[in-house]
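Observations on the model geometry
Here's the letter readout for the chains.
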Amino acid sequence: MAPTDETAQVDQQTSPFGTTPPTLPPGGDAPGQGARMPRWLPRAMVLALTLVALFQLGSWAFHQLIGLLINILIAFFLALAIEPAVSWMASYGMRRGLATFLVFFGLLIATAGFVTLLGSMLAGQIIKMIEGFPEYLDSVINWINSSFHTHVRRVDVQDSLVHSDWLRKYVQNSATGVLDVSAQVLGGLFKLLTITLFSFYFAADGPRLRRALCSVLPPARQAEVLRAWEIAVDKTGGYLYSRGLMALISGIAHYILLQALGVPYAPVLAVWVGLVSQFIPTIGTYLAGALPMLIAFTIDPWYALWVLIFVVVYQQFENYVLQPKLTAKTVDIHPAVAFGSVIAGTALLGAVGALIAIPAVATLQAFLGAYVKRYDVTDDPRVHGHRTRRSPSLRARLRELLGR
């Protein structure tokens, strides 16, 4: 019998496995086309974009204000350094603002006097070197002619120097670099003024600043903040005290050497060596020793060699004998930790980080030391660095028996 149309339709709707496939919804749309986006997804996307924009804005603002933040950090440590002097003067009834002004005025007078003496000394030595340059040039030319059998004249050397291309380029570059130097000087003066103003406010309004900080903290946290503040003042003052004492010892030692050699301006050079070698990290020793060597070289080249030897020897004495003892008594920090903190501070903030690294680490160490529980150390020889004698091994015993 031939299949009818109805039978053919039933056969087409029936699957080969005997099951009936699901019928399509009206309108012929595929499944899933009518599903909607979750309501939380747009809000999550907006929130993520907002957080990214805020992070980018914060990063940009931080990089723009990093110079100001570093100046504020320097001013804060400077205020901590002069806090003992200001508090001592305020304990006698003087207003903190007036006491802070007197401390800064004394520092300004001392700095201005030192810079004036140093500038006059350098100006005198530069004039002396310029006046004696023809004699030095004649001695060099005579040595060259006698050693290499040449016929060099000073007039020829002067003409070649005057008409040389590198001198013309140097003069042009120097003329164009005057504006850059002026801008750097003005920028340095502005930074110095900013640091001075912030440190003055931190020192003069220290109690008000502590009250404002403690007013937003619970009583338990207030005691911790005040204790950390007191530790920071003690450690910063101790660090500056130790540096000042080492600067005094270094200045006296170099003054004795320079006075014995007959180098002019020995007191000013001694003060220069003491201050620069102690308060300029990393390269301060080399900068401090370069100027006395240069002045001594104008008197006698052998004097410069003696100054160099003395600077190197004294630096080793200071690093291995003087500095560890003074640092342990004033800052109470291990020399290895101090050296590592200086390296870390230099890597993070440059010369500023190297200068404030030691008092910052000492403050952190003293503050965290109160929360570290310590126990009595067992009386073991290995604690004192003595190794215990091990019992002989089986092989040693066999050798001993065979030897018998």
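Up top is the structure.
Residues numbered from 1 in each chain as written. Predicted model: local features only at pLDDT ≥ 70, side-chain atom pairs only at ≥ 80, totals over all residues. Heavy atoms only, no water.

Observations concerning the overall build of the protein
As a reminder, the rule being used: Put simply, DSSP H or I for four residues or longer makes a helix, DSSP E for two residues or longer makes a strand, and each gets a number counted from the N terminus. Between buried and exposed lies partly exposed: a residue is buried under 20% and exposed over 50% of the maximum accessible area for its type, with that area taken using a 1.4 Å probe on protein chains only. In what follows, a contact means two residues having at least one pair of non-hydrogen atoms within 4.5 Å. Throughout, the Shrake-Rupley method with a 1.4 Å probe supplies accessible areas, and for residues the shown protein chains are the sole cover considered.
On a plain count of helices and strands, the protein comes out with 14 helices and zero strands. Ordered by position in the sequence, the α and β elements of the protein form the string α-α-α-α-α-α-α-α-α-α-α-α-α-α. For the protein, the proportion of its 404 residues judged to be buried stands at 25%. Here the contacts in the protein between residues at least 6 apart in sequence split such that 64% fall between residues at least 24 apart. Summing over all exposed atoms, the protein offers an accessible surface of approximately 29300 Å²; the carbon and sulfur share of this is 68%.

A word on helix α10 (residues 284–299)
Cut-off, in case you're wondering: Helix span, expected: 1.5 Å multiplied by one less than the number of residues in the helix.
Given a rise of 1.5 Å per residue, 16 residues ought to cover 22 Å, and the 24 Å separating the end C-alpha atoms of α10 matches this to within 8%. Where α10 is concerned, the buried positions are Gly-284, Thr-285, Ala-288, Gly-289, Leu-291, Pro-292, Ile-295, Ala-296 and Thr-298.

Section: the packing of aromatic side chains
To keep things clear, this is the line we draw: Only rings of Phe, Tyr and Trp enter the pairing, Trp through its six-membered ring, and a pair is recorded when the two centres are within 6.5 Å. The plane angle decides the type: under 30 degrees is stacked, over 60 is edge-to-face, the rest tilted.
Under the definition given, this model contains 11 aromatic pairs. Aromatic side chains Phe-76 and Trp-229 sit 5.6 Å apart centroid to centroid with 85 degrees between the ring planes, which places their arrangement in the edge-to-face category. In this pair, Phe-76 is assigned in helix α2 (residues 40–90) and Trp-229 in helix α8 (residues 219–261), connecting sequence segments 153 residues apart. Residue classification places Phe-76 among the partly exposed residues on the basis of a relative accessible area of 25%. Considering the side-chain rings of Tyr-314 and Phe-317, the 6.0 Å spacing of their centres and the 50 degrees angle between planes classify their relative orientation as tilted. With Tyr-314 and Phe-317 both in helix α11 (residues 301–330) and three residues apart, this pair spans about one turn of that helix. Under the relative-accessibility criterion, Tyr-314 is labelled buried at 9%. An aromatic cluster is defined as three or more aromatic residues linked by ring pairs; in this entry it consists of Phe-76, Phe-77, Phe-198, Phe-202 and Trp-229.

Topic: the packing of helix α9 (residues 266–279) against α10
This is how the line gets drawn: Fitted lines through C-alpha atoms give the axes, limited to the stretch in contact for helices. The angle between two N-to-C directions lies from 0 to 180 degrees. If an angle is under 35 degrees, it is roughly parallel; if it is over 145, roughly antiparallel; if it lies from 65 to 115, roughly perpendicular; otherwise it is oblique. In this scheme, a crossing is called left-handed if the near helix is turned counterclockwise away from the far one by less than a right angle; it is called right-handed if the turn is clockwise. Any residue outside Ala, Val, Leu, Ile, Met, Phe, Trp, Tyr, Cys, Pro, Asp, Glu, Lys and Arg is labelled polar, Gly included; the first ten of those are nonpolar and the last four are charged.
Following both chains from N to C, one finds α9 and α10 inclined at 165 degrees, their axes separated by 7 Å at the closest point. One way to sum up the angle between α9 and α10 is to call them roughly antiparallel. In the packing of α9 onto α10, the handedness of the crossing is right-handed. Residue-level inspection shows Leu-269, Trp-272, Val-273, Val-276 and Ser-277 of α9 in contact with α10, the latter providing Gly-284, Thr-285, Leu-287, Ala-288, Leu-291, Pro-292 and Ile-295. Classifying every residue of the contact of α9 with α10 gives nine nonpolar, three polar and no charged.

Overview of unusual backbone geometry
The phi dihedral of Tyr-265 is positive, around 55 degrees, even though this residue is not glycine. Mapped onto the secondary structure, Tyr-265 falls in the loop between α8 and α9.

Examining the side chain of His-254
How we decide: N or O atoms closer than or at 3.5 Å make up a polar contact, with two conditions inside protein: a donor-capable atom paired with an acceptor-capable one, and, for residues adjacent in sequence, both atoms drawn from side chains.
With respect to the helices, strands and loops of the structure, His-254 is situated in helix α8. Of the polar contacts made by the side chain of His-254, one reaches the backbone oxygen of Ser-250; its length is 2.8 Å. Those residues in contact with His-254 that lie beyond four places of it in its chain are Val-273, Phe-310, Val-311 and Tyr-314.

Quick look at the environment of Ser-199
Mapping Ser-199 onto the fold places it in helix α6 (residues 165–204). Between the C-alpha atom of Ser-199 and that of Ile-74, which follows or precedes it by 125 residues, the distance is 8.1 Å. Reaching out from Ser-199, the side chain makes a polar contact with the backbone oxygen of Ile-195 at a distance of 2.8 Å.

What about the side chain of Arg-243?
Short version of the rule: Two residue types count as positive, namely Lys and Arg, and two as negative, namely Asp and Glu; His and chain ends fall outside the count. What makes a salt bridge here is a side-chain nitrogen of Lys or Arg within 4 Å of a carboxyl oxygen of Asp or Glu, nothing more.
Locating Arg-243 in the fold gives a position in helix α8. No salt bridge is formed by the buried Arg-243. Its closest oppositely charged neighbour is Glu-318, at 5.3 Å. Not counting the four nearest positions on each side in its chain, Arg-243 is found in contact with Gln-278, Phe-279, Gln-323 and Ile-358.

Details of the pattern of salt bridges
The tally for this structure, following the rule as stated, stands at two salt bridges. Where Arg-96 meets Glu-83, a salt bridge forms, and the shortest distance between an N and an O atom there is 3.1 Å. Linking Arg-96 in helix α3 (residues 96–131) with Glu-83 in helix α2, this pair joins segments that are 13 residues apart in sequence. A single burial state applies to Arg-96 and to Glu-83, both of which are buried. With a shortest N-O distance of 3.3 Å, Glu-224 and Arg-221 are connected by a salt bridge.

Notes on the nonpolar core
Threshold: What is meant by a nonpolar core is a set of buried Ala, Val, Leu, Ile, Met, Phe, Trp, Tyr and Cys residues, joined one to another through side-chain atoms within 4.5 Å.
Membership of the largest hydrophobic core comes to 19 residues, with the highest contact counts inside it found for Leu-118, Val-263, Leu-269, Trp-272, Leu-291 and Val-307. Secondary structure elements with two or more residues in this core: α3, α8, α9, α10 and α11. If one sorts the elements of this core by residue count, α9 sits on top with six residues. Apart from the residues within four sequence positions on either side, Val-307 is in contact with Leu-257, Leu-258, Leu-261, Pro-292, Met-293 and Ala-296. Met-89, Val-103, Phe-104 and Ala-203 belong to the second largest nonpolar core, which has 11 residues in total.

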